[in-house]
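# What the coordinates show
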Amino acid sequence: MRALLGLGDNTTDLYVDQGVMYPGGNTVNVAVLAARLGRPSSYLGVLGNDGRGQLILNALRREGVNISRARTVPGTTSWSRVRHHGTDRVFDGDDVGVSRQWTFTPDDDRFIGTHHTVHTSVYSGLDDHLPRIRAAARLLSYDYSTAWTPHTLSATAPLLDVAFLSGAARSPEDCVAAARHLSALGTGVVVVTRGAEGALAVRGPDVCHQPAAPAQVSDTLGAGDAFIAAFLHHWTDTPDLPGALLRGAQEAARNCATPGAFGHGAPLTP
């Protein structure tokens, strides 16, 4: 059994100010970064038959991620335009390309079931398929990023074992309230990352807080995904909430020294 499946979104992060592009996307990043932590990982997603798609697939191969069920179809691979203000990044346009052209088969269901943990995201376009994924997955993790509202949480939270929210722009009280809302809906563990303010997690009645770890920051892209990969790595081995938060914070800080989400940059193409 493989440890983790990244199921869903992919993108190429176009660093227009630097003339470089990097493979990325939440579920791609989590699969790669979990593999770097020693977790046998896979990726299942839809990519275009263009140079950007090949960039992502080649990077996944080099990182030892199983891509046996990834699809390549005619069309454009997803991209996100990124501009930089110092060491921070600002997204400046995107195109999902073919990444949401989903068709699931019984073979996919069986493949999903061969992994201990399945991780997907709000950007993957899979919410309508989530009940099917839930039926096949042993443990289901979902990243809402910043794209969460009470409606989106209510529609998906009852299906999840672990959920991640990004709450850097919200007050601690709002973050705890959102996490408690998901917990009440049935999600087993809810983690809210808060950038430089650290992270918090809710499991039942318990709330745990974790400060951000010291970091040498050159690029913040991918830090949140590194947090997720490390949290899941620890949590699925040892359900120790403070320990999992600490590992997540440490890996997020370490990732801030990496260009792109996990490197593998290439010259930017039109």
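Residues numbered from 1 in each chain as written. Predicted model: local features only at pLDDT ≥ 70, side-chain atom pairs only at ≥ 80, totals over all residues. Heavy atoms only, no water.

Bringing the overall build of the protein chain into the picture now. Secondary structure assignment for the protein chain yields eight helices and 15 strands. Each of the three principal axes of the protein chain carries a C-alpha extent, and together these read 50 × 45 × 35 Å. Counting every position in the protein chain, which comprises 270 residues, the buried fraction comes to 55%. For the protein chain, the share of sequence-separated contacts (at least 6 apart) that also reach a separation of at least 24 residues comes to 65%. Accessible surface for the protein chain amounts to roughly 10,900 Å². Of this, 52% is attributable to carbon and sulfur atoms. Computed over 22 positive and 25 negative side-chain charges, the separation of the two mean positions in the protein chain equals 6 Å. (Helix = DSSP H or I, 4+ residues; strand = E, 2+ residues; numbered from the N terminus. Buried < 20%, exposed > 50% of the residue type's maximum accessible area, 1.4 Å probe, protein only. Contact = heavy atoms within 4.5 Å. Areas by Shrake-Rupley, 256 points an atom, 1.4 Å probe, with all protein chains shown as cover. Lys, Arg positive; Asp, Glu negative; His and termini not counted. Charge placed at Lys NZ, Arg CZ, Asp CG, Glu CD.)

We now examine the pairing of strand 2 (residues 11-15). Taking burial as the measure, the five residues of strand 2 include five buried ones, the bulk of the element. By the alternation rule, side chains of strand 2 split into Thr11, Asp13 and Tyr15 and Thr12 and Leu14, which are all buried. One ladder, built from five bridges, connects strand 2 with strand 3 (residues 20-24); its direction is antiparallel. Within strand 3, the position partnered with Thr11 by the bridge is Gly24. (Pairing = 2+ DSSP bridges.)

Turning to the nonpolar core, a few remarks are in order. Soluble globular proteins tend to bury their nonpolar side chains together. Leu60, Val191, Phe227, Phe231 and Leu245 are the most contacted members of the largest nonpolar core, which has 40 residues in total. Of all elements in the fold, only helix 1 (26-36), helix 2 (51-62), strand 11 (162-166), strand 12 (189-193), strand 13 (199-203), helix 7 (223-237) and helix 8 (241-255) reach the threshold of two or more residues within this core. With eight residues, the single largest contributor to this core is helix 7. Residue contacts for Leu60: discarding those within four places in its chain leaves Val28, Val32, Tyr43, Val65 and Ile67. (Core = buried A, V, L, I, M, F, W, Y, C linked by side-chain atoms within 4.5 Å.)

This next bit is on the pattern of salt bridges. In this structure the tally under the stated criterion is nine salt bridges. Linked by salt bridges that have partners in common, Arg69, Arg71 and Asp108 make up one network. (Salt bridge = Lys/Arg side-chain N within 4 Å of Asp/Glu carboxyl O.)

Quick look at the packing of aromatic side chains now. One pass over the full model with this rule turns up six aromatic pairs. When the ring of Phe164 is compared with that of Phe231, the centres are 5.6 Å apart and the planes differ by 90°; the resulting orientation is edge-to-face. One end of the pair, Phe164, is in strand 11; the other, Phe231, is in helix 7, with 67 residues separating them in the sequence. You can call Phe164 buried: its relative accessible area is 1%. You can call Phe231 buried: its relative accessible area is 0%. (Phe/Tyr/Trp six-rings, centres within 6.5 Å; stacked < 30°, edge-to-face > 60°.)

Moving on, we come to empty space enclosed by the protein. Enumeration over the complete set of coordinates arrives at one cavity of 30 Å³ or more. The wall of the largest cavity is formed by Ala3, Leu4, Ala34, Arg39, Thr117, Ala229, Leu232, His233 and Thr236. No other element matches helix 7, which puts four residues into the lining of the largest cavity. (1 Å grid on protein atoms, 1.4 Å probe; cavity = no way out; pocket = protein on both sides within 12 Å on 5 of 7 lines; lining within 4 Å. Points joined across faces, edges and corners; volume = space filled by probe spheres on them.)

This part is about unusual backbone geometry. Its identity as a non-glycine residue notwithstanding, Ser145 has a phi of 50°, on the positive side. If you trace the backbone, Ser145 turns up in strand 10 (residues 140-145). Positive phi is not limited to glycine here, since His264 has a value of about 65°. You can see His264 is positioned in the loop between helix 8 and strand 15 (266-267). According to the relative accessible area criterion, His264 is partly exposed, its value standing at 22%.

Two measures define how a pair of helices packs: the angle their axes make with one another and the distance between the axes. At a closest axis distance of 7 Å, the pairing of helix 7 and helix 8 adopts a crossing angle of 145°. Handedness of the crossing formed by helix 7 with helix 8: right-handed. Touching Ala223, Ala226, Phe227, Ala230, Phe231, His233, His234 and Trp235 of helix 7 are Leu241, Gly243, Ala244, Leu245, Arg247, Gly248, Ala249, Glu251, Ala252 and Asn255, all from helix 8. Partitioning the contact of helix 7 with helix 8 into residue classes produces 11 nonpolar, five polar and two charged. (Axes fitted to C-alpha atoms, helices over the stretch in contact; angles between N-to-C directions. Left-handed = near helix turned anticlockwise from the far one by under 90°. Nonpolar A, V, L, I, M, F, W, Y, C, P; charged D, E, K, R; others polar.)

Our next topic: the environment of Tyr144. Relative to the elements of secondary structure, Tyr144 occurs in strand 10. A residue is classified by how much of its surface remains accessible, and Tyr144, at 1% relative accessible area, is buried. Between the alpha carbons of Tyr144 and Tyr123 there is a distance of 8.0 Å; along the sequence they are 21 residues apart. Setting aside its immediate chain neighbours within four residues, Tyr144 contacts Val122, Thr152, Leu153, Thr156, Ala157, Leu160, Ala163, Phe164, Leu165 and Leu182. Separated by 2.5 Å, the side chains of Tyr144 and Thr156 make a polar contact. (Polar contact = N/O pair within 3.5 Å; in protein donor to acceptor, adjacent residues only side chain to side chain.)

So, about the sheet that holds strand 1 (residues 2-7). Strand order in the open sheet formed by eight strands is 4-1-9-10-11-12-13-14, with mixed pairing between adjacent strands. The open sheet has two free edges, formed respectively by strand 4 (41-44) and strand 14 (206-210), since each of these has just one partner strand. In this sheet, adjacent strand axes meet at a mean angle of 20° when their direction is disregarded. In this structure, strand 1 lies alongside strand 4, joined through four bridges in parallel fashion. Looking at the pairing, Leu4 lines up with Ser41 of strand 4. Against the sheet, helix 1 makes contact with strand 1, strand 4, strand 9 (115-121) and strand 10, and its axis sits at roughly 145° relative to strand 9, the strand it touches most.

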